[in-house]
Amino acid sequence: VVCPASDMAKVTRTGVVPYEHPDLDWSNGPLQIRGARNETVAFQLLLRTSKDLGSSDVSVELETPSSVTANQRLQPGWLNQSIFTAYYHPIDNASYAWGPPTPVLPWPDEYPDALVPTQSTCDATSQAQALNVKVKTTARTNQAVWVDTYIDKNAEPGTYAQTINLTIDDNKLSLPVEFTVYDTSLPDKPTIDAVGELYRSYFLEGSGFDITQSEWQNMAQCYQKMAHAHRMVFIERLPDLLTADQLDSYADAIAPAMSGELFTIENGYIGPGTNTAVSLWKTPWPQTIDGVNYAGISEREIERFSGLAEIWDELVINRGWTDINYFAYVFDEVDGPNNNGDGTLPREEYLALVHDQMARVQQAIDQGSNSTNIDLLWTSHSNPSLWQGDPLLDLTGKVRLWAPNASAADTSFLQQRIDAGEKAWFYHSGHPAVGAHSINVSGIEMRTWGVVGARYGLQGQFMWAVNLGSDDFPYRDPQYRPDETRAGNGVMVYPGNQLDKIGYQKFPGPVPSMRLKSWRRGLQDAELYFLAYQQSPVAAEALIKQQIPRALSEGTGSASWSADPADWIDFHRQLLELASQP
């Protein structure tokens, strides 16, 4: 049995495949997939055994799409497709028992998340359009096949037909799909910065930690291509300050991303932002100041940031990287509601010390950076508006890059800071502020991130870790610690070099997750909203407010957005229609 599903469906190994939308109903004709130029659209095929069949291999082949309209020609590369098979993770501790109450799908169970590609993700030009899948022999079990379709910027608007051929033993089934390309294009440079942090470098990829080695540099570039294809940037969490030689090697490794050269077909890249440089970058300084035991830093340490900024500024100027926004990630959640450093100071005195030192670190950076603007990133579980008016605690005028968690993201305060020329991001939390980032939730949850960002005009969003799973069992234990109840927390990509541990052929390179692609889906929705707003601001604003009535600090009670995939499919179509108006 073959059941179509949207990119929002999260069906367990033995779960029932839901009916989501008439566009995904073969009784109405071909599957209807819609998108803009420079957009990636996705759908799933759920292969399900109705009885014990013995050992059966299923071959899934995507034929080259053809034009439905006679006067249109399908050029090579207009619809570039990648095909994946889902791995089902045993999820047995997933109540999301952190922060605000956030409903999750039932557990324990086996949920799909890692999407194993046909070939290494380090070279998109080598991705095959065929896949062999072994269907589990137990009756009534599911195997998800995921299809990504990138619509090239040069694609002509119109409708294109495709046949998906499934071969099971000697039996062949042909499944029809139609792609409608709308007359609008997503921008190459993201409007919303989406940032994910890389931990442990590329240890699990077999590339080690040595920045001066080609193995490390090649893998760093591979991961950056994965990020770019999902309208994101991955940042390195470096444990130590780089030596002069290491900094030169690091600069050589990131240079193709900073120029855009990395994101070309010659370098194995196909996707949005072709030949387009990254929009922002983190300075390669260690983030070692944590809120748990923070007791202040010395004058010498504060002054050191002036010298570090001067070195980075010189590198930026010499390399010609002046069109990129830079930020420093030094302090992390040092002033959260429950933080009191090492406990030697009363809470108010501790906060005053922390905020003063933040301001002075930013001043030192500004003193050394000269022509390069480097914003000190502020992350916290505290609502910064609570300190307004207090001369010792108020961060206004001290912070330029605000990143509270979604529940602490005070929409009114952050809008004031944006109006003042500063930047406002948010990061994970839970309902009713923003969708959950765990494995056992639907694809709607991470999709909300981009739409919430567009709804409130925030310029960025931050995922604290994207590859921090278990060293020994990265697929079986996909979270940063065993007792974590947010399944998948810390993991958005998996190490391809460890695929043999779950029965696949291993190859170095990042394996994407369903949640990474859900995040991408929301970021693309945001871009479509901005395009729709240019064409019809009243209708576009009404549409996005209908889709996200309340979020961030305005959220109350349960989540305000719809949990019905049909509403999100219609939302996407309406954005496309508004954005493509003449």
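Here the structure is shown first, and the text comes after it.
(A) Inspection of the overall build of the protein at higher detail. In terms of regular secondary structure, the protein is built from 9 helices and 23 strands. The globule rule puts the C-alpha radius of gyration for 582 residues at 25 Å, and the 24 Å found for the protein is close to it. If you line up the protein on its principal axes, its C-alpha atoms span 75 × 50 × 50 Å. Going through the 582 residues of the protein one by one, you find that 60% of them count as buried.

(B) Just the nonpolar core, in detail. With 154 residues, the main nonpolar core has Tyr-250, Trp-281, Trp-312, Trp-321, Phe-331 and Trp-519 as its most contacted residues. Setting aside residues up to four positions removed in sequence, Trp-321 forms contacts with Ala-251, Ile-254, Ala-255, Met-258, Leu-315, Val-316 and Tyr-326.

(C) Examining the environment of Leu-543 more closely. Positionally, Leu-543 belongs in helix α8 (residues 537-547). Exposure remark for Leu-543: the relative accessible area of 7% places this residue in the buried category. Residues Leu-543 and Tyr-529, spaced 14 residues apart in sequence, show a C-alpha to C-alpha distance of 8.9 Å. Ignoring anything within four residues of it in the chain, the contact list for Leu-543 reads Phe-571, Gln-574, Leu-575 and Leu-578.

(D) Expanded view of the sheet that holds strand β16 (residues 325-328). Pairing is parallel in the open sheet, where 8 strands are placed in the order β13-β12-β21-β20-β19-β18-β16-β14. Every other strand in the sheet has two partners, leaving β13 (233-236) and β14 (280-282) as the edge strands with one partner each. With direction set aside, neighbouring strand axes in the sheet form an average angle of 30 degrees. As judged from the 4 bridges shared by strand β12 (residues 193-198) and β13, these two strands associate in the parallel manner. Opposite Glu-197, over in β13, you have Ile-235 as the bridge partner. Helix α1 (residues 214-229) rests against β12, β13 and β14 of the sheet, and its axis sits at about 145 degrees to β13. Lying over the sheet, helix α5 (residues 411-419) contacts β19 (401-404) and β20 (423-427), oriented at roughly 165 degrees with respect to β19.

(E) Inspection of helix α4 (residues 347-369) at higher detail. Compared with an ideal rise of 1.5 Å per residue, which puts 23 residues at 33 Å, α4 spans 33 Å between its outermost C-alpha atoms and is within 8% of the ideal. Phi for Asn-370, located one or two positions after α4, is positive at around 55 degrees.

(F) Representation of the pattern of salt bridges in the model. Counted according to the given criterion, the structure contains 24 salt bridges. The closest approach of N and O atoms between Glu-422 and Arg-417, which form a salt bridge, is 2.9 Å. Glu-422 sits in the buried class, given a relative accessible area of 11%. When its relative accessible area of 10% is taken as the criterion, Arg-417 is described as buried. A salt bridge links Arg-476 to Asp-477; the shortest N-O distance between them is 3.3 Å. Given a relative accessible area of 41%, Arg-476 falls into the partly exposed group. Among the residues examined, Asp-477 registers a relative accessible area of 26% and is labelled partly exposed. Among the ionic contacts, a cluster of salt bridges with common partners joins Glu-39, Arg-447, Arg-521 and Asp-525.

(G) Quick peek at the state of the cysteines. Scanning all chains against the criterion turns up 1 disulfide. The partner cysteine of Cys-122 in its disulfide is Cys-222, sulfur to sulfur 2.1 Å. Handedness of the Cys-122-Cys-222 disulfide follows from its S-S torsion of about -95 degrees: it is left-handed. Of the two residues, Cys-122 is situated in the loop between β7 (109-117) and β8 (130-135) and Cys-222 in helix α1; the sequence distance between them amounts to 100 residues. Exposure remark for Cys-122: the relative accessible area of 22% places this residue in the partly exposed category.

(H) Highlighting the pairing of strand β9 (residues 142-151). Extensive coverage of β9 is indicated by the burial of 10 of its 10 residues. Alternating positions in β9 separate into two faces, Asn-142, Ala-144, Trp-146, Asp-148 and Tyr-150 on one and Gln-143, Val-145, Val-147, Thr-149 and Ile-151 on the other, with burial throughout. Of the pairings in the sheet, the one linking strand β3 (residues 40-48) to β9 comprises 9 bridges and is antiparallel in character. Bridged to Arg-48 within β9 is Asn-142. Across 7 bridges, the pairing between strand β6 (residues 79-91) and β9 is antiparallel. By the bridge assignment, Ser-82 is partnered in β9 with Asp-148.

(I) Layout of α5. Every buried residue belonging to α5 is among Thr-411, Phe-413, Leu-414, Arg-417 and Ile-418, and all of these are buried. In a view along the axis of α5, the buried residues occupy a sector of 160 degrees, so they form one face of it. Those residues of α5 that are buried are in contact with β19, β20 and α6 (443-456). Residue Asp-410 occupies the N-cap position of α5, its side-chain oxygen lying 3.2 Å from the main-chain nitrogen of Ser-412. Just past α5, the residue Gly-421 takes up positive phi, approximately 90 degrees.

(J) Region of the structure containing the side chain of Thr-448. By the secondary structure assignment, Thr-448 is in helix α6. Dropping the residues within four chain positions of it, Thr-448 is found in contact with Val-434, Gly-435, Trp-561 and Trp-568.

(K) Local environment of the packing of α6 against helix α7 (residues 514-535). At a minimum axis separation of 7 Å, α6 and α7 run at an interaxial angle of 30 degrees. What the angle tells us is that α6 and α7 run roughly parallel. Judged by the twist between their axes, the crossing of α6 over α7 is right-handed. Mapping the contact onto sequence places Gly-443, Met-446, Arg-447, Trp-449, Gly-450, Val-451 and Ala-454 in α6 and Arg-515, Ser-518, Trp-519, Arg-521, Gly-522, Leu-523, Asp-525, Ala-526, Tyr-529 and Phe-530 in α7. Here the residues of the contact of α6 with α7 are counted per class, giving 9 nonpolar, 4 polar and 4 charged.

(L) Spatial organisation of the sheet that holds β7. In spatial order, the strands read β1-β3-β9-β6-β7; together these 5 strands make up an open sheet with antiparallel pairing. Of all the strands in the sheet, the pair left with one neighbour each is β1 (2-6) and β7. Strand after strand, the sheet turns through a mean of 30 degrees between neighbouring axes, direction not considered. Two strands pair when backbone bridges link them, and β6 and β7 are joined in this way by 7 bridges, in the antiparallel orientation. Its bridge partner lying in β7, Ala-86 is registered against Leu-115.

Reading the values: rules and limits
- Residue numbering note: each chain is counted from 1, following its sequence as written.
- Where totals are concerned, whole chains, interfaces and linings use all residues; where local detail is concerned, this predicted model gives features only for residues with pLDDT of at least 70, and gives and counts side-chain atom pairs only at 80 or more.
- Values reported for side chains reflect all heavy atoms of the structure, with hydrogen atoms and water molecules removed beforehand.
- Segments assigned H or I by DSSP are reported as helices when at least four residues long, segments assigned E as strands when at least two residues long, and all are numbered from the N terminus.
- It is over C-alpha atoms that the radius of gyration is taken, and the globule rule equals 2.2 Å times the number of residues to the power 0.38.
- Categorising residues by exposure relies on relative accessible area from a 1.4 Å probe, with only protein chains included: less than 20% of the type maximum marks a residue as buried, more than 50% marks it as exposed, and the intermediate range marks it as partly exposed.
- Here, nonpolar core means buried Ala, Val, Leu, Ile, Met, Phe, Trp, Tyr and Cys residues that are tied together by side-chain atoms lying within 4.5 Å of each other.
- The contact criterion used throughout is that any non-hydrogen atoms of two residues lie within 4.5 Å.
- One requirement defines pairing of two strands: DSSP has to find at least two bridges between them.
- Axes here mean lines fitted to C-alpha atoms, for a helix over just the part in contact, with angles spanning 0 to 180 degrees between N-to-C directions.
- Multiplying one less than the number of residues by 1.5 Å gives the expected span of a helix.
- Salt bridge, as used here, is a side-chain nitrogen of Lys or Arg placed within 4 Å of a carboxyl oxygen of Asp or Glu.
- Any two cysteine sulfur atoms within 2.5 Å of one another count as a disulfide.
- Working note: the arc is built from the helix axis to C-beta atom directions.
- Two N or O atoms form a polar contact when they lie within 3.5 Å of each other; inside protein one atom must be a possible hydrogen donor and the other a possible acceptor, and for residues adjacent in sequence the pair counts only when both atoms belong to side chains.
- Angles below 35 degrees are treated as roughly parallel, those above 145 as roughly antiparallel, those between 65 and 115 as roughly perpendicular, and all remaining angles as oblique.
- Crossing handedness follows the turn of the near helix against the far one: under a right angle anticlockwise gives a left-handed crossing, and clockwise gives a right-handed one.
- Under the convention adopted here, Pro, Cys and the residues Ala, Val, Leu, Ile, Met, Phe, Trp and Tyr are nonpolar, Asp, Glu, Lys and Arg are charged, and Gly plus all remaining residues are polar.

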